[in-house]
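# Coordinate inspection notes
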Amino acid sequence: MPFYLGRRTQGDLILFCWHTTPTKESHSHLYTAVIGPFKSRVGASYFARYGRNNPHIRKVRRTFRTADDAERLAREDPRMEQAIIEESMTDEERTIALECDAQDQHEYSPQPTLPLPVEPTSWQTVNTAQGETSCLTGLKTN
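Report follows, based on the coordinates.

## Some points on the pattern of salt bridges
Evaluation of the coordinates by the stated rule reveals eight salt bridges. With its nearest N and O atoms 2.9 Å apart, the salt bridge here joins Arg75 to Glu71. Taken together, the residues Arg75 and Glu71, both in helix α4 (residues 67-76) and four residues apart, mark about one turn of the helix. Judged by relative accessible area, which is 37%, Arg75 ranks as partly exposed. The buried category is assigned to Glu71, whose relative accessible area is 10%. Linking Asp77 and Arg79 is a salt bridge whose minimum nitrogen-to-oxygen distance equals 2.6 Å.

Below is the structure:
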């Protein structure tokens, strides 16, 4: 199924699949314009990330004239390696990879430490006149 990029009023591009060529009647309520068709998600993603309004690509004489150009450039660009790998995965493999990635993020990203609020309770009395706080002592820690 071909891939398309829909331009929203905010200017961002949204990747979507559609079984026929999108028309004004079918998609104008969602997008101000539609770009495509692209052969793969990789080519469409590459255009959305690097091809739109990118003068550096034009400087090396690699302009986007067709969706095939975006596809070819995407497959040549090392930045798209992960997207190309994901494209060849089955839905089950992709789900497992996303779960592993989420677990890695949870295990390896620094956990925010929030200060615990200290409020006077039954075991702690505050003497604000003298600026003293008395707390329980003699707690067993073993």
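## Some points on the packing of helix α2 (residues 41-51) against α4
Interhelical geometry of α2 versus α4 gives an angle of 90 degrees and a closest axis separation of 8 Å. Classified by the interaxial angle, the pair formed by α2 and α4 is roughly perpendicular. Taking contact as the criterion, the partners of Val42, Gly43, Tyr46 and Phe47 in α2 are, on α4, Ala70, Glu71, Leu73, Ala74 and Arg75. Looking at the contact of α2 with α4, its residues break down into six nonpolar, one polar and two charged.

## So, α2
Most of α2 sits inside the fold, with eight of its eleven residues counted as buried. Considered for burial, the residues of α2 that qualify are Val42, Gly43, Ala44, Ser45, Tyr46, Phe47, Tyr50 and Gly51. Two or three places before Val42, at the opening of α2, Ser40 has a side-chain oxygen 3.3 Å from that residue's backbone nitrogen.

## Concerning the pairing of strand β1 (residues 3-7)
Of all five residues in β1, four are buried, a share of seventy percent or more. When β1 meets strand β2 (residues 13-17), the two strands line up antiparallel, connected through five bridges. Across the sheet, the residue bridging to Gly6 is Ile14, located in β2. The turn joining β1 and β2, which pair antiparallel and follow one another in sequence, is formed by five residues; a positive phi near 100 degrees is taken by Gly11. Relative to strand β3 (residues 33-38), β1 is paired through four bridges, and the arrangement is antiparallel. Considered in β3, the bridge of Arg7 is made with Ala33.

Scoring rules and cut-offs
- Residues numbered from 1 in each chain as written.
- Predicted model: local features only at pLDDT ≥ 70, side-chain atom pairs only at ≥ 80, totals over all residues.
- Heavy atoms only, no water.
- Salt bridge = Lys/Arg side-chain N within 4 Å of Asp/Glu carboxyl O.
- Helix = DSSP H or I, 4+ residues; strand = E, 2+ residues; numbered from the N terminus.
- Buried < 20%, exposed > 50% of the residue type's maximum accessible area, 1.4 Å probe, protein only.
- Axes fitted to C-alpha atoms, helices over the stretch in contact; angles between N-to-C directions.
- Parallel < 35°, antiparallel > 145°, perpendicular 65-115°, else oblique.
- Contact = heavy atoms within 4.5 Å.
- Nonpolar A, V, L, I, M, F, W, Y, C, P; charged D, E, K, R; others polar.
- Polar contact = N/O pair within 3.5 Å; in protein donor to acceptor, adjacent residues only side chain to side chain.
- Pairing = 2+ DSSP bridges.

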